[in-house]
Amino acid sequence: MSFDIVPATSDLWPRVGHVYGAREKNPDSCWCQRFRRHDAPDNRTALRREIEQTEVPVGLLALADGEVAGWTRVVPRASLPGIVENRALSKLLDDAALAWWVSCFVVRREHRGKGVGVALLRGGAEWAFQHGASSVDGHPVDVDALRGSSAPSAVFTGTVSMFLRAGFSEIGRTYPSRPVMRRLRFSDSTVAEPDS
């Protein structure tokens, strides 16, 4: 299945909300605010303000036949206090001013397992590089290193297999099941694996 990956601009705000399914009605749900700080009355308002006020969109949507299938946030790493101030991550990350970060993924239930996350990740890396990023990092879950299975909400930062299929490489781990993955701007990112 193919997906159109598009910037989440203010005119697409209703589609951003739709990606959250039943949580769309809960303004205090995550709304991709986990690694940020804001002074908005709730997380939904915070994300809406970001989408309406930022010059470079902070996220991308995956569309399948015009309907929203998924969302990801990809932004300069320096804009995420929850990442730059994390002690475990700081042991692995350099101070690269042009480094970007993919912080989360939301995929609608009916589109899971169809390659939406990989499409968003590939699109997110290209989006970051188009806007001057020297590298794109993320902190996915290595589900093979977990004891037992993981709930979809536990892998909101993505999975190692997604990142590998999108051309990322591991640079270290903060925990046995939590690698930091990186894709460099000028690396060979061609990946032969299918999206399905």
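Located above this text is the structure these notes cover.
Please read these numbers as outputs of a predicted model, since none were measured by experiment.

Rules used in this analysis
- In this convention, every chain numbers its residues from 1, walking through the sequence in written order.
- With pLDDT at 70 or above as the cut-off, local features in this predicted model cover only qualifying residues; side-chain atom pairs require 80 or more to be listed or tallied, and sums for whole chains, interfaces and linings still use all residues.
- To get the side-chain values, take all heavy atoms of the structure and skip hydrogens and water.
- Cysteine sulfur pairs qualify as disulfides if the two atoms are within 2.5 Å.
- Secondary structure is summarised from DSSP: a helix means a run of H or I of at least four residues, a strand means a run of E of at least two, and numbering begins at the N terminus for each.
- Only protein chains enter the accessibility calculation, which uses a 1.4 Å probe; a residue is then buried when its area is under 20% of its type maximum, exposed when over 50%, and partly exposed in between.
- Two strands are said to pair when DSSP picks up at least two bridges between them.

Brief notes about the state of the cysteines
Move 1: Across all of its chains, the model carries one disulfide by this definition.
Move 2: Between cysteine 32 and cysteine 104 runs a disulfide, and the two sulfur atoms are separated by 2.4 Å. Since a negative S-S torsion denotes a left-handed disulfide, the cysteine 32-cysteine 104 link at about -80 degrees is left-handed. Separated by 72 residues along the polypeptide, cysteine 32 in the loop between helix H1 (13-18) and helix H2 (43-53) and cysteine 104 in strand E4 (residues 99-107) bring together distant segments of the chain.

Overview of the pairing of strand E7 (residues 178-184)
Move 1: Burial of E7 is extensive: five of the seven residues sit out of reach of the surface.
Move 2: Where strand E5 (residues 135-138) and E7 come together, four bridges link them in antiparallel fashion. Of the residues in E7, the one forming a bridge with aspartate 137 is arginine 182.
Move 3: Sheet analysis places strand E6 (residues 169-175) next to E7, joined by five bridges and oriented antiparallel. Across the sheet, the residue bridging to glycine 172 is valine 180, located in E7.

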